[in-house]
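These are the residues of each chain, in order.
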Amino acid sequence: MIKSKIFAALLVIFCFAKAFSQDISTNNRHIFRYESENSDSLTTHLSIKPISLSKFFNFQDSLLTSENADTQSNPISKLTGPWRISKSENSKLLFNPIINSQIVFEPKSKKYFTDFGLGINTLGRYKKKLFWDLSAYGSIQKFDEGTTNFIDSFNIIPNQGKYSTKFKTNYISINYVGKLAYVPNKFFTFEIGKSTQFFGMGARSLFLSDNSGAKPYFSAEVNIWRLKYLWLTMKLSDFNITGTGLPEKMFDKYAFTHYFSFNLSKRINIDFFEAVISSPQTDYGNKGIDISYLNPIIFYRPVEFNVGSSDNALFGFGFNVRLFRSMYFYSQIMLDEFLFSELTARNAWWGNKQGYQIGAKWINAFTINKLLVGAEYNYVRPYTYTHHYRNINYGDMHQALAHPYGANFKESVLYFQKVFDHFAFNGRFIAVQKGLDTDSISYGQDIYKSYDLRKSDYDNLMLQGFVVKEFLFDFSASYFLSSSSQTEFFVGLQTRKSTFLSQFETHFALYFGLKSTIYHNKFIEKFD
């Protein structure tokens with residue numbers, strides 16, 4: 001065993017917050033180019049995001065080279081960046097301004113919510129061995145009533161973390177952000193920082209997502225032949241909850257994760273994921289962290305079983321297939337706990353805690369350049385991600401580490417994106433059904449309730465509890481100030497309809513603003 005304070009010290013060295021600029025995902029207009037250029041690569045693993053800093057620099061170099069003429073001739077590009085300070089064979093240094101001004105207006109209530117921020121980002125490399133991505137920014141935000149109640153209860157802004165201070169109805173945050181990577185050779189990459197990770201090909205992930213915001217981590221990555229192996233250790237923070245349901249104090253817990261990605265061919269990829277959540281604090285005192293979890297070449301479940309640990313272990317499988325040039329079919333299966341005998345008995349045993357995802361996305365769909373369309377279905381059984389001890393559930397900062405809805409839900413997602421040189425159009429439709437808990441009984445949706453509060457051992461059906469149905473539609477249009485600019489002006493609309501106990505509610509909002517694409521704090525998504 002090792003003391004948690006020593007282990008925490010190893011993680012927080014050089015820890016900064018989220019490194020936004022390398023996040024190649026569906027909200028980035030360059031996803032088409034990156035995934036298209038690497039679709040036939042046997043050494044590229046698209047289910048691991050963000051891409052490594054070394055690969056990001058190579059990708060960014062190709063972007064800046066192809067867009068150099070516009071950058072040189074457009075004065076706006078010189079103002080909004082990227083600003084190239086130094087570039088040589090051995091080194092490179094870039095700066096990007098972080099600009100953020102977002103306003104959401106609800107016509108029905110005549111209320112508005114705001115998010116204003118300003119900062120600076122720097123990217124650099126030295127001798128193609130050392131890479132960094134550092135940012136500093138401040139923000140002042142005003143939220144809707146539901147989000148404000150959450151923030152006041154836990155002193156946490158969803159998807160971001162703790163705020164610095166509150167002024168009237170505004171929350172002020174100051175963040176120093178970034179990551180550091182060392183690449184000794186083509187086989188190994190080591191990173192340390194405070195960031196988010198995302199495992200999967202879809203809009204959601206049942207393994208690990210960026211839902212809870214940035215967190216301190218250390219990772220070691222191995223690339224051999226067609227295999228990528230990632231060993232990831234994260235420091236999480238959560239609350240002890242009092243009998244009144246209010247937070248008492250924060251404590252530390254840790255997530256140890258293995259992720260294997262193997263390209264069977266240019267068209268078929270399989271993934272294996274496993275994680276264990278451990279906390280040095282239990283109801284019986286301080287037990288420390290099992291040093292066996294620091295071994296990057298073991299399987300966590302046998303270790304947990306052999307030492308009689310009460311920690312929370314999960315594992316999952318992914319299978320991805322590419323048809324034609326750029327049509328992807330993907331899937332994930334998450335297994336928290338299960339007994340095969342209980343599964344085949346079909347008696348809805350509470351301990352059969354699983355989830356699955358199936359989806360498809362098509363880049364350059366219908367032979368239309370830079371058009372992305374996608375569809376996805378997510379299904380997670382009750383009590384998945386929960387634990388007997390609430391302090392080692394699969395969560396961080398009182399938010400889910402995987403899917404934002406927790407468990408006991410069914411979700412369908414449709415989305416599209418069309419990109420031009422200076423314009424982008426985005427749309428998404430989400431339909432979800434959730435079975436909510438009561439204060440005293442867990443029906444399996446709230447992962448922060450102990451599974452000991454379950455209603456029964458058997459007959460635990462999907463959507464048990466109080467069923468809520470929600471439908472969300474969001475459409476936005478963006479204008480990029482130049483083809484190489486990180487800054488965009490955007491406008492959009494969002495409507496949400498929900499039914500609960502025969503009650504029907506409709507919310508409609510308009511939003512607009514100016515922001516840097518590296519400033520991705522999910523402000524708009526908080527109104528989902």
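See above for the structure.
Along each chain, residues carry numbers from 1 onward, in the same order as the chain's sequence is written. For a predicted model such as this one, the threshold for reporting local features is a pLDDT of at least 70, and the threshold for listing and counting side-chain atom pairs is 80 or more; totals across whole chains, interfaces and linings nevertheless cover every residue. As a rule here, side-chain values cover all heavy atoms of the structure and leave hydrogens and water aside.

Engineer: Where do I start with the environment of Gln433 in this structure?
Structural biologist: Within the secondary structure layout, Gln433 lies in strand β25 (residues 423-436). Taking the C-alpha atoms as reference points, Gln433 and Phe409, 24 residues apart in sequence, are found 5.5 Å from one another. Ignoring any residue separated from it by four or fewer positions in sequence, one finds Gln433 in contact with Asn408, Phe409, Lys410, Leu463, Val468 and Lys469. For helices the rule is a DSSP run of H or I covering at least 4 residues; for strands it is a run of E covering at least 2, with both sets numbered from the N terminus onward. Contacts are assigned to residue pairs that have any heavy atoms within 4.5 Å of one another.

Engineer: I would appreciate a short explanation of the packing of aromatic side chains in the present structure.
Structural biologist: Aromatic ring pairs are defined here through the distance separating the ring centres and the angle between the ring planes. Within 6.5 Å between ring centres, the rings of Phe, Tyr and Trp (the latter by its six-membered ring) count as paired, and their orientation is classed by plane angle as stacked under 30 degrees, edge-to-face over 60, tilted in between. Scanning the entire structure with this criterion turns up 29 aromatic pairs. Measuring from ring centre to ring centre gives 6.1 Å for Phe218 and Trp231, while their planes differ by 75 degrees; the resulting arrangement is edge-to-face. Within this pair, whereas Phe218 is found in strand β12 (residues 215-224), its partner Trp231 is found in strand β13 (residues 227-241), the two being separated by 13 residues in sequence. Type-normalised accessible area, obtained with a 1.4 Å probe on protein chains alone, sets the label of each residue: buried when under 20%, exposed when over 50%, and partly exposed for intermediate values. Since its relative accessible area comes to 10%, Trp231 is described here as buried. An aromatic cluster is built from Tyr229, Phe260, Phe272, Phe315 and Phe317, whose rings are joined through pairwise contacts.

Engineer: Just to check I follow, could you spell out the nonpolar core for this structure?
Structural biologist: Across soluble globular proteins, you tend to see nonpolar side chains buried next to one another. Formed by 46 residues in total, the largest nonpolar core has its most connected members in Phe199, Phe273, Tyr385 and Tyr394. Of all the secondary structure elements, the ones that give two or more residues to this core are β13, β14 (247-263), β15 (268-278), β19 (327-337), β21 (371-380), β24 (409-419) and β25. Residues within four places of Phe273 in sequence aside, it is in contact with Phe199, Phe207, Thr257, His258, Tyr259, Leu314, Phe315, Gly316, Met334 and Tyr394. By convention a nonpolar core is built from buried Ala, Val, Leu, Ile, Met, Phe, Trp, Tyr and Cys residues, the set being connected through side-chain atoms within 4.5 Å. One finds Tyr254, Phe256, Ile289 and Ala313 within the second-largest nonpolar core, a separate group that totals 11 residues.

Engineer: For this particular structure, what's the right way to read unusual backbone geometry?
Structural biologist: Residue Pro50 is reached from Lys49 by a cis peptide bond, and omega for that bond is -5 degrees. Tracing the sequence through the fold places Pro50 in the loop between β1 (48-49) and α3 (53-66). At His398, a residue that is not glycine, the phi angle is positive and equals roughly 60 degrees. Among the secondary structure elements, His398 is positioned in the loop between β22 (395-396) and β23 (399-400).

Engineer: Mind showing me how you'd approach the pairing of β21 here?
Structural biologist: Two faces, one strand: in a regular strand the side chains alternate between the faces of the sheet. Along β21, 7 of the 10 residues are buried, which leaves the element largely enclosed by surrounding structure. For two strands to count as paired, DSSP must find a minimum of two bridges between them. Where strand β20 (residues 353-363) meets β21, 9 bridges bridge the pair, whose relative direction is antiparallel. In the strand pairing of β21, Gly355 is matched with Val380. In this sheet, β24 lies alongside β21 in antiparallel orientation, the contact comprising 10 bridges. Within β24, the position partnered with Val380 by the bridge is Phe409.

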